Every structure is written in structure tokens, then in C-alpha cells.
Amino acid sequence: MKNKLIPFLAIVLIPQIFIAIAILDKPKQMNPEVLEALRVEVANKPKKAVDHGKFAELQKDFKTPQEVTQACLSCHTERGDELLNNHHWLWEREAFIEGRGVVYLGKKNLINNFCTGIGGSESTCNKCHAGYGWDENGFDFTQQHNMDCLVCHDNTRTYEKASGGAAGYPPVDGPFAPDYNFITANVGMPTKYNCGYCHFYSAGGNNIKHGHLEEALLNTTRDVDVHMNREGMDMSCTDCHKTQNHVMLGRYYGTASNDYNRATCTQCHGVKPHAVGKLNEHTVKVACQTCHIPTYAKVNPTKIYWDWSTACDLQDGRPYEMMDSTGRISYQSIKGTAYWESNVEPEYVWFNGQADHMLASDSITEFPVKINTLFGDYYDPKAQIWPVKIHRGKQPFDPNYHRVLKAKLWDKEPGKGGLWVDFNWETSLTEGMRIAGLPWSGEWEFVETEMYLPISHMVSPKEMALGCTDCHTREGSRLENLTDFYMPGRDRNATVDIIGILLILGTLGGVLLHGTLRIVMARKRNQ
Amino acid sequence: MAKLTYVYKVFERFWHWSQAFLILFLAVTGFEIHGSFNLMGFDAAVRWHNYAIWALVWLIVFAIFWHFTTGEWRQYIPTTKFIKAQVEYYITGIFRGAPHPTKKTVYNKFNPLQRFVYLGLKIFAIPVQIITGFLYYYYKYPSGGEIQSIDMVNLELVAIIHTIGAFALIAFVIAHVYLTTTGHKPTAAIKAMITGWEELDHDEDDVEKRPEES
């Protein structure tokens, strides 16, 4: 029997070797040199070629911010032309939208799901306009001297634009009035602080709108944002939102519509950033952000629900605010009811880079009203699964014209229809729709609204990225609402599974029955 | 007259047991991917399901070569002769202690039912599993600097066929293991597949049943 030992060992050993390898097998690691090269590239920043503090043009006593702009443009002669077509200046972009054709959309004219839009309240909303003087009476978008260079290029962190109806002007006096000579001596490329001056505080306060853009990013840790980590690369916005001739990469789909000039992960990391091929293949259908931003609003909370229908409640004829137990404002007479959340798991949608936006003139037939629509589905080769913040709320609606109604929110004086001053829906809707140039029936109700905000910031370290079973699981998959495709581990054909299990149980039962019968019969024969 | 006979060659046994192990391993990892249970983790299950199928494909390539070079493929030529007798034996005869209706020899080691089932396994069930499996895993694949995609609209059909195949193979394994106990002694067939040696009845007309050999 000696000759049988070798095949027997082979038979037993080979599966065991296989099992041993299976147990010892470790996932492949990415080559660290790839990231090291990126680090070197990002860290390589040119030194400033000039000291603006030595320019005679910047030593004079500036009376108005426009004089500063003119001083800038006297040397940077072509930059004004560049900004003339920039969305930070125009607050609109040319877009082609299926079904609408070529349209010009942006903050200038769109309704959003937060403060609803600037119409009628320009002088306060347009604090964040990169210009001076855009108020309710309009604005001349050809006047370069009204451009605000400093809000983006001040590197002293002292430049302020005034609140409360200043139409984008800085304070004229007081502690926050800018020291123009100090500021102009220290201008440079925009920093996180410059971008954040507006983008962190959109919708009226830190992190309210986006949930992944907030002041915590100015000084943050690796867990919150692997790129902006103060102890790591401490990258700034423009490292990814690369800018040339004032054309920035990147767009915010609350207002943008088309897929071009986007800032992407792949512009640095390439389309095959993983050591494991299967993960690279996922990028065909899954955006990087989906796995690498498992939660947003990691430090400060973000508003996820804004119900305008409860606004205008007064106590003793005065507006009031209420806070929840964690100090978040849960009710304001001027804004209604709000819900906040921290460490939010995003929702997930198909998105191909094209978006539509509800226009004030649209006749609404579907509820909840989609303030913006991200296009794409499984069958769209350009679409990927994206993480989104879906901001829900309630907005006023004309039940006869089937339109979302635009209220005028703010005015310097009472009695002019400003909701935040008069607390009267009827007059502010009348005024808001008059400014929008649209008819309304005089009736209003509140309807549910949704806005879709793709999440791209607060990228987590790789060890915190989603794992397979966050999605590939039968119960509680992150993608449980995306049902237009078959996903292993989540989906199955229930009929096939039942028949299959019955087949196995039937076979087992059959052989057990057959075997038992054989034993019984054999015993009988032997007796 | 029963005589100890060398029936299963070294490669044949190696192939049989490796294939048995791989199919069981694929079943366990496969049903973990399917979401039926948690054992080694989805990530590891996917990776090892993929490694195991490559091992199985290589094994099958060698097995095909072996079958053709040794002429053993003829053992799988289906026949209807005695098939009724064989079915009747499993339904009634076996309980009465009746003799096997077909006689196992080195050159005719499968009964007519085995011929049908094993041939079906070789030319239908396993190829279907391998083809659907490869489509399942590789319908997106990296190529050059990009990820290419076979223009397959949905994974669903492929996945469902693959699942049906998996259930069928498990049912086969259960029945197959049970039927090994129907030999001379309950463990005789398994012993034979391990050692290669089995007690077979030898008649004088043995030679006549031999298929033509080249």
C-alpha cells in the first residue's frame, strides 16, 4: 500500500495548502510612492515674486473699495476682463438643459431650498457677491471697478464685507472697516479662509447649507478631512479647484447644470487609484466620494430640514428663536422650523454630471417638489452612484398656478413686504412674485420640497472608507434605495432561492429516507 | 468472483478530490457573496471565490487533457441500455438486496445513470457555471489606462443563472456522496476513490465488454 500514500497525501495536503493561503492572505497595499509623489507636487508652492507692500499705487489713502480695485487693475490690466465672465461675478452660468435648451441660471435667478433666493433681498444676500453695489435696483455687470478683488485675495484675514443691506460693501467705519494699505500689502492666492468666507456660511450660518464645507476645515484633523489635515498636507481649496485666468475647476449643482470644468478626485489620483482591481472597477459605476466620504457634517451640524410653513409666529408681537438641547436653533420666527444633524450618512443617487433646476415659472405636477434634479440611472454609462445631502423642507406654493412662490424676505424698512421685517406672508409673497414678474392667484399653501447636494468634501482616511458590506448586504445596505440594478450580496431572486433551498432539502430528505429504508430492509433480511 | 482491482489512477483521484474540495469551497464562498450567511467576510469571500475558480479552471484543463490522452472520455458516452434496470434497482432492488444490474469494470466503471449525470456535469452544469461566473466577475475589467466594460446591460440574469447552477451542484454533491454508500460495502466506493483499489466482480467474458482500445 506504499504507493497509495503519496496520492493520498496530495489529496489531503493540496486543499490544506489552499486553506492556509486563504487564511494568511492579506489585501494588497497601494504603492506608497504614488501618494508621496502627489505630496511633493502639492507641497511645491512658488514663492511670491513681488511684495505688494512696496508698490507706490497701494500706499495712497483709499476712500472707497472701488479705488482699491482700480489700483489692482492698473497693474493686473487683463484680470478684470477675465472676471467679467466668471460666475462669482455674474452669479449665473450658461447651461444647456434637456427640455429647456440654453438657459442662464445661477444664484441670480434660481430658487433654492434654504433662504429660497436673492430676489427682492439683494442688498443683504449679496454680501457674498464678489462686487460692490448689487442691490434691489439691479447691477451693471460691465463695470470692472465694482469688482471685489479683496474678498478672495486678502491674505490677512481682516477684510470684511458688511452685513444688513450693505450690498457687498465693506463697513465704512467701526472696528471691521478694512485697513486697505495693510490688506493690499498682503494680497495673494486665495486661501481656505477666503473661499470659506462665503462658502462656509451659505444659507445664513456655518455649515447650514452644504454640510461638508464649514469653518472647522480651517484647522482640522485627518479624520475629518484627509487632505486639509493641519498635521498633514493642509491643502487649500485651490489645490483641487485649480484656477487659471480666473476660471476655477468645480461646480455646485445647487446652481450648476453641465458636466465640464469639474474638480475631480481623478485629476490627481487617476482612474485606477486602488491596488485591488475590483475596487478600480467599481469606479465605472461608483463615484470616489461614495466610499470615501462615509459621513458628512463631521464637526458642526448641518441643516437637513427647513420648514417655512411655521415661520412668522410671534410672541407678544415680536419674533423669537428657540434652541434644542444641543444649542442648535430649532425655530426662528423669520425662518420657521429647522432640523439639524451631525455625522450624517449621505443618501445615494445616480448622477451623470447633468442637472436640471426648477424655475419659478415651472408648473409643478410632482411632489415633493424637486428644487433641482440630478440626472442619471444605472443604464446611463456616464452615471455613477453619488453621495448627496438631500435637504428637505416646505415652501409656499400657489395651488392655482401650481408654482412655488417666491417671497421677498428682507427690506431695510417695515411695510415694504420684507417677511423678516413684517412677518406677513401675503404681502411678502405679493412683493416677491411682483419682483419675479410672475402672476399669483393670491392663495398659498405649503408643499414639501427637496434639494440634492452632491457631497465632495470631508474625505475620510482610507481606513475609514466604506467596506464591501456597507452596500453588499441584504439588510441595511447603504444603497437600498437604488433598486434599478442587481447588486451581489444585496439582491437575489427570492423564487430561485426558495426553489434552490427546497431542492437541497428535498435531496437531503430523499437520501435520508432512502438510506433509512435500506438499513431497515437490510436488518429485516438478516433476521 | 470479487478481486481487488486498481480502478482509479493517481491523477484521476487527485483531480476528483481537488474538484470536490474546490466545488465545496466555491459553494461556501459563493453563498456568502450571495448574502446567505457571514463566515469569512464578503471581501475575502469574493477574493477567494475568484482564486478558487482559477484553480478549478486549471484543474479542468488538465482533466480534459487526461481524459482525451487516456481515452477515459469514452466512459462518459451515454447509453440507454440498462438505464431502466438501474433506475428500478435504486427504487426497489436495492431494498431487497438484489445485485447491481450493471457490472463495474475498469473499462466500464460508470452505470448508465452515472454516465448521463457526469456527462451533464461536464458539458453543461460546470461550463454554465464557469461562463456565467466569468461574466459575473469580469464584465467590467481594467484595460490599458481605463476600465473597460462588456456591454452587458444588467448583471441580474447572469447572477440568477449562476445561483441556480450553484443550488443544482450542491444537490448533486449530496446525492453523489449518498450514492457512494451503495457499493459492496458503504465505504467501499470512497475508499476506492482514495486508494485507487476496489473489489470488483470479474467474469470470464470481461474481455468482451472492453471498449476498443487504440
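Residues numbered from 1 in each chain as written. Chains lettered and ligands numbered in written order. Predicted model: local features only at pLDDT ≥ 70, side-chain atom pairs only at ≥ 80, totals over all residues. Heavy atoms only, no water.

A short note on the overall build of chain B
Note the cut-off: Secondary structure counts use DSSP, requiring at least four H or I residues in a row for a helix and at least two E residues in a row for a strand, with both numbered from the N terminus. Note on classification: 1.4 Å probe, protein chains only; a residue is buried when its accessible area is under 20% of the maximum for its type, exposed when over 50%, partly exposed between these limits. Contact definition: two residues touch when any of their heavy atoms are within 4.5 Å. Methods summary: accessible areas were calculated by the Shrake-Rupley approach with a probe of 1.4 Å, and residue burial reflects only the protein chains presented.
Scanning chain B for helices and strands turns up 7 helices and 4 strands. Taken from the N to the C terminus, the helices and strands of chain B come in the order β-α-α-α-α-β-β-α-α-β-α. Classification of the 214 residues of chain B by burial places 43% in the buried group. Long-range contacts, defined here as pairs at least 24 residues apart, represent 70% of the contacts in chain B between residues at least 6 apart. By element, 68% of the accessible surface of chain B is carried by carbon and sulfur atoms, the whole surface being about 11600 Å².

Let's talk about the pattern of salt bridges
This is how the line gets drawn: Salt bridge criterion: a side-chain nitrogen from Lys or Arg within 4 Å of a carboxyl oxygen from Asp or Glu.
A full pass over the atoms with the stated rule returns 25 salt bridges over all chains. A salt bridge links A:Asp259 to A:Arg262; its shortest N-O distance comes to 3.1 Å. Assessed through its relative accessible area of 34%, A:Asp259 is described here as partly exposed. A salt bridge links B:Lys109 to B:Glu72; its shortest N-O distance comes to 2.8 Å.

What to know about the nonpolar core
What counts, and what does not: We call a set of buried residues a nonpolar core when its members are Ala, Val, Leu, Ile, Met, Phe, Trp, Tyr or Cys and they connect through side-chain atoms within 4.5 Å of each other.
Counting 31 residues, the largest nonpolar core has A:Phe114, A:Trp306, A:Trp308, A:Met358, A:Val404 and A:Trp425 as its most contacted members. At the level of secondary structure, the elements contributing two or more residues to this core comprise strand 8 (336-341), helix 15 (425-436) and strand 15 (445-454) of chain A. Residues within four places of A:Phe114 in sequence aside, it is in contact with A:Ala203, A:Ile208, A:Lys209, A:Trp306, A:Trp308, A:Lys389, A:His391, A:Met451 and A:Leu453. If you look at the next biggest cluster of nonpolar residues, it comprises 20 residues, including B:Leu59, B:Ile60, B:Leu169 and B:Phe172.

Some details on the side chain of A:Glu214
All names here are of chain A. Note the cut-off: Only four residue types enter the charge count: Lys and Arg as positive, Asp and Glu as negative, with His and the chain ends excluded.
With respect to the secondary-structure elements, Glu214 resides in the loop between helix 9 (192-199) and helix 10 (237-240). The side chain of Glu214 is buried and forms no salt bridge, while Lys298, the nearest opposite charge, is found at 10 Å. Setting aside residues no more than four positions away along its own chain, Glu214 makes contact with Phe200, Asn206, Asn207, Val299, Asn300 and Met458.

A word on the packing of aromatic side chains
For clarity, the threshold we go by: Here the aromatic set is Phe, Tyr and Trp, taking the six-membered ring for Trp, and pairing holds for ring centres within 6.5 Å; pairs whose planes are under 30 degrees apart are stacked, those over 60 apart are edge-to-face, and all others are tilted. Only Lys NZ and Arg CZ are tested; either one counts as a charge over a ring when it is within 6 Å of the ring centre and within 35 degrees of the ring normal.
Tallying each qualifying case throughout the model produces 37 aromatic pairs over all chains. Taking the centre distance of 5.3 Å and the plane angle of 55 degrees together, the rings of A:Trp91 and A:Trp134 count as tilted. Placement of A:Trp91 in the loop between helix 5 (87-90) and strand 1 (93-97) and of A:Trp134 in the loop between helix 6 (122-125) and helix 7 (150-153) is noted, with a sequence separation of 43 residues between them. Overall, A:Trp134 belongs to the buried group, its relative accessible area being 5%. For the ring pair B:Phe11 and B:Phe14, a centre distance of 6.2 Å and an interplane angle of 55 degrees mean the geometry is tilted. In this pair, B:Phe11 and B:Phe14 are both assigned in helix 1 (residues 10-34), 3 residues apart and thus about one turn of the helix distant. Judged by its relative accessible area of 25%, B:Phe14 falls in the partly exposed class. Within the aromatic cluster, the residues linked to one another by ring pairs are A:Trp89, A:Trp91, A:Trp134, A:Phe139 and A:Phe141. Lying across the ring of A:Tyr260, A:Arg251 places its NZ or CZ 4.1 Å from the centre. Cation over ring: A:Lys285 sits above A:Tyr378, and NZ or CZ is 4.7 Å from the ring centre.

Structural notes on helix 6 (residues 188-195) of chain B
Residue and element names in this part refer to chain B. Buried residues of helix 6: Ala188, Ala192, Met193 and Thr195, and no others. Against strand 1 (2-6), helix 1 and strand 4 (197-201) lie the buried residues of helix 6. Looking one or two places after helix 6, you find Gly196, whose phi comes out positive at around 95 degrees.

Things to note about the packing of helix 1 of chain B against helix 5 (residues 156-179) of chain B
Residues and elements named next belong to chain B. Defined as follows: Here, axes are lines fitted to C-alpha atoms. For helices the fit covers the stretch in contact, and angles between N-to-C directions go from 0 to 180 degrees. Should an angle fall under 35 degrees it is called roughly parallel, over 145 degrees roughly antiparallel, and 65 to 115 degrees roughly perpendicular, with every other angle called oblique. The handedness criterion is simple: a crossing whose near helix is rotated anticlockwise from the far helix by less than a right angle is left-handed, and one whose near helix is rotated clockwise is right-handed.
Axis separation between helix 1 and helix 5 bottoms out at 11 Å; the angle between their running directions is 135 degrees. Taken as axis vectors, helix 1 and helix 5 run oblique relative to one another. Taken as a pair, helix 1 and helix 5 cross one another with a handedness that is left-handed. Contacts between helix 1 and helix 5 involve His16, Ile23, Leu24, Ala27, Phe31 and His34 from the first element and Thr163, Ala166, Phe167, Ile170, Val173 and His176 from the second.

A closer look at unusual backbone geometry
All names here are of chain A. Omega for the peptide link from Phe367 to Pro368 comes to -5 degrees, which places this bond in the cis form. Tracing the backbone through its elements, the reader meets Pro368 in the loop between strand 10 (355-357) and strand 11 (369-370). Even without a glycine there, the phi angle at Asn245 is positive, about 50 degrees. Relative to the helices and strands, Asn245 is located in the loop between strand 3 (243-244) and strand 4 (247-248).

What to know about helix 3 (residues 65-75) of chain A
Those residues of helix 3 of chain A that sit buried are A:Pro65, A:Gln66, A:Val68, A:Thr69, A:Ala71, A:Cys72 and A:Leu73. The secondary structure elements touched by the buried residues of helix 3 of chain A are helix 4 (79-84), helix 7 and helix 8 (180-184) of chain A.

Some words on the confidence of the model for chain B
Residues and elements named next belong to chain B. Using the following cut-off: Looking at any residue, its pLDDT shows the predictor's confidence there, from 0 to 100.
Of the residues in chain B, 87% reach a pLDDT of 70 or more, and the chain-wide mean stands at 86. Every residue in residues 206-214 is under pLDDT 50, and counting partners more than four places away or in other chains gives 7 contacts. Per the prediction output, this complex has pTM 0.90; the corresponding ipTM is 0.89.

So, a nonpolar patch on the surface
Keep this limit in mind: Patch definition: residues above 30% relative accessible area lacking any salt bridge, with like charges linked at up to 9 Å and the nonpolar side chains Val, Leu, Ile, Met, Phe, Trp and Tyr linked at up to 5 Å.
Taken together, the side chains of B:Val28, B:Phe37, B:Leu39 and B:Met40 present a nonpolar region at the surface, about 340 Å² in accessible area. With respect to the element layout, B:Val28 can be found in helix 1.

Points about the state of the cysteines
The criterion, for reference: Disulfides are defined as pairs of cysteine sulfur atoms found within 2.5 Å of each other.
Using the criterion set out here, one finds 0 disulfides over all chains in the structure. In this structure A:Cys240 is a free cysteine whose sulfur lies 5.7 Å from that of A:Cys268, the closest cysteine sulfur available.

Looking at the environment of A:Arg492
What counts is decided by this rule: A 3.5 Å cut-off defines polar contacts: any pair of N or O atoms within that distance qualifies, except that in protein one atom must be a possible hydrogen donor and the other a possible acceptor, and neighbouring residues in sequence count only when both atoms are side-chain atoms.
Its location among the elements puts A:Arg492 in the loop between helix 16 (468-471) and helix 17 (494-526). Among the residues examined, A:Arg492 registers a relative accessible area of 42% and is labelled partly exposed. Residues A:Arg492 and A:Arg474, 18 residues apart in the sequence, show an inter-C-alpha distance of 8.9 Å. If we ignore the near neighbours within four places in the chain, the residues touching A:Arg492 are A:Arg474, A:Tyr486, A:Asp497 and B:His34. For A:Arg492, the side chain forms a polar contact with the side chain of A:Asp497, separated by 3.4 Å.

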